[in-house]
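Survey of secondary and tertiary structure
Read off the chains here:
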Amino acid sequence: PPSLMAQNTAQESGGDGNTNALRAKPERANSPRPMMMRPSWIDLQGDWDYAISDKDAIANPPEKWLGKTQIPMNAGTSATSPAEQLDATKRIWYRRQIETPELKPGQTLHLHCNSVTTEALVTVNGMLLNMHSGADAPFNTDITQALTKTPTQEIAISAWSPAPQAQATGITGEVWLEIVPRSHLSTLKITTDPSSGKVTVYATIWGQANFRTLEVRALDGDKEVASGSAFYHFEKGGYETTFTIPEPKFWSPDAPKLYGLRIRLANEDQSTHDDVTRYFALREVGNTTDAAGHSRFALNDEQIFLIGLEDANRHSAMSDSEIRSRVESIKAKGYNLIRKPAGMDSPRIYHWADRLGVIIWQDLPSHKADEKASKNRCAELQDLSARYFNHPSIAIWSEESFPDQSYTAGKTTGDLRTEPEPLISDSARAAVGIAGDYDPKSDQVEKLTERGISAAVFTGATD
């Protein structure tokens, strides 16, 4: 059974941090949610029991378990080897025993799932606690009420997909447990004005705010450079405070500057009720016009040519060092952009893109056909937008494959257009060239740049 994870390292938070020990699996000891880290969490990646049942068998987990499988992993791959072929009439179940964690008075235990395709059920000790729909949006379940006074607890998660052979199916993202106060910080949104260095922190709370105060400290390495505080604002539905970073440094692929952020929810007697760590960056994306009248992609008001590679390697049980190496190898080949097709990847991908200085072009999940699925998708996209809003690496969002227009982060109108040929035409939107393999010895990118291309994305790379 996994052990409790301890306080995350300084590298994780972007500032000075307390490192600690108790890590059952050092290669996976880094936070599965780097934008909102707490000290106590339990890693559930690894071996789980699995079984297959009928789609409508949701009351209880199956009695017969077929073997072991690795989490996270696509249930359609050979590595999981389901005993029966998955189709739209079947669902796959996963089961794991955990040590019963010690909860202090007022604490609760939450189960987090980063990605389960497409409809998920969560049961603990046979009690159904949650039903979730949406393949890419992370979700969590308060499982405290189902815990028993026994040394171990049984967690079971099931997944069903309407088209299991057409998409990754099963638990395709990280799973972990987290100990949180009954009333706790729920969401964080950071907005920045790079030119002035102003940073606004907006936080919501799950539960009662009472007379608690939000305290925020911004860190440059181990040095506190700014701070702020706020009381709960009932009209805004949360806490909001603004502070200014002195001599602000911008984030870019050449200099991926990150600031640490410590956020504490203080009780009336100044004791700590809840605290989280994260990081943020000062950067702004948009368009500008060059001397020839071409619309160009701009980062921090400066033109930057984006040369990118598609990376669709998703839903595998990779260690954090492997994920970092994956991002590093792409940047080492001379790319400053990674295009993520077909939906979200592990949060650790975006974390390392933030740290190493790689811009992400992110596809949103595909459109669904029926009305119910469309409504669910809208809710899922709103959730994704909130959860991934503050990754400085994510600068472009797009709809489906090779869209006619894409959206720079924070915008609501299309700023980019794809030119597969490409045939450059006058437009207020920057042009992006889409091509096959990239040969660094070729002058194709230079020629296209002269014709007005602002970015080039390749679907493959030569050796």
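Let me begin by describing the structure that accompanies this report. What you see is a predicted model; the values in this text were computed from it and never measured.

**Describing helix H3 (residues 347–356)**
Residues that lie three or four places apart on an α-helix share one face, since the helix turns once every 3.6 residues. Along H3, 10 of the 10 residues are buried, which leaves the element largely enclosed by surrounding structure. Looking one or two residues beyond H3, the residue adopting positive phi is Gly 357, at roughly 85°.

**Structural notes on the side chain of Ser 161**
Within the fold, Ser 161 resides in the loop between strand E11 (152–160) and strand E12 (170–171). The exposure class assigned to Ser 161 is buried, which follows from its relative accessible area of 2%. Here Ala 163 takes part through its backbone nitrogen, which lies 3.2 Å from a polar atom of the side chain of Ser 161.

**Structural notes on the sheet that holds strand E14 (residues 184–193)**
Spatially, the 3 strands line up as an open sheet ordered E14-E15-E18, and their pairing is antiparallel. Each having just a single partner strand, E14 and strand E18 (239–244) make up the two edges of the open sheet. Geometrically, the sheet is characterised by an average inter-axis angle of 20° between neighbouring strands, direction not taken into account. Of the strand pairs in this sheet, E14 and strand E15 (residues 198–206) are connected by 9 bridges, and their pairing is antiparallel. Within E15, the residue paired with Leu 188 across the bridge is Ala 203.

**Focus: the sheet that holds strand E16 (residues 213–220)**
Think of a sheet as strands paired side by side through backbone hydrogen bonds, with each pair either parallel or antiparallel. Across the sheet, 4 strands lie side by side as E17-E16-E19-E20; this open sheet has antiparallel pairing. Of all the strands in the sheet, just strand E17 (223–231) and strand E20 (272–280) have a single pairing partner and so form its edges. Each neighbouring strand pair of the sheet contributes to a mean axis angle of 15°, computed without reference to strand direction. Relative to E20, strand E19 (residues 259–266) is paired through 8 bridges, and the arrangement is antiparallel. Among the inter-strand pairings, Gly 260 is bridged to a residue of E20, identified as Tyr 279.

Thresholds, definitions, all that
- Residues numbered from 1 in each chain as written.
- Predicted model: local features only at pLDDT ≥ 70, side-chain atom pairs only at ≥ 80, totals over all residues.
- Heavy atoms only, no water.
- Buried < 20%, exposed > 50% of the residue type's maximum accessible area, 1.4 Å probe, protein only.
- Helix = DSSP H or I, 4+ residues; strand = E, 2+ residues; numbered from the N terminus.
- Polar contact = N/O pair within 3.5 Å; in protein donor to acceptor, adjacent residues only side chain to side chain.
- Pairing = 2+ DSSP bridges.
- Axes fitted to C-alpha atoms, helices over the stretch in contact; angles between N-to-C directions.

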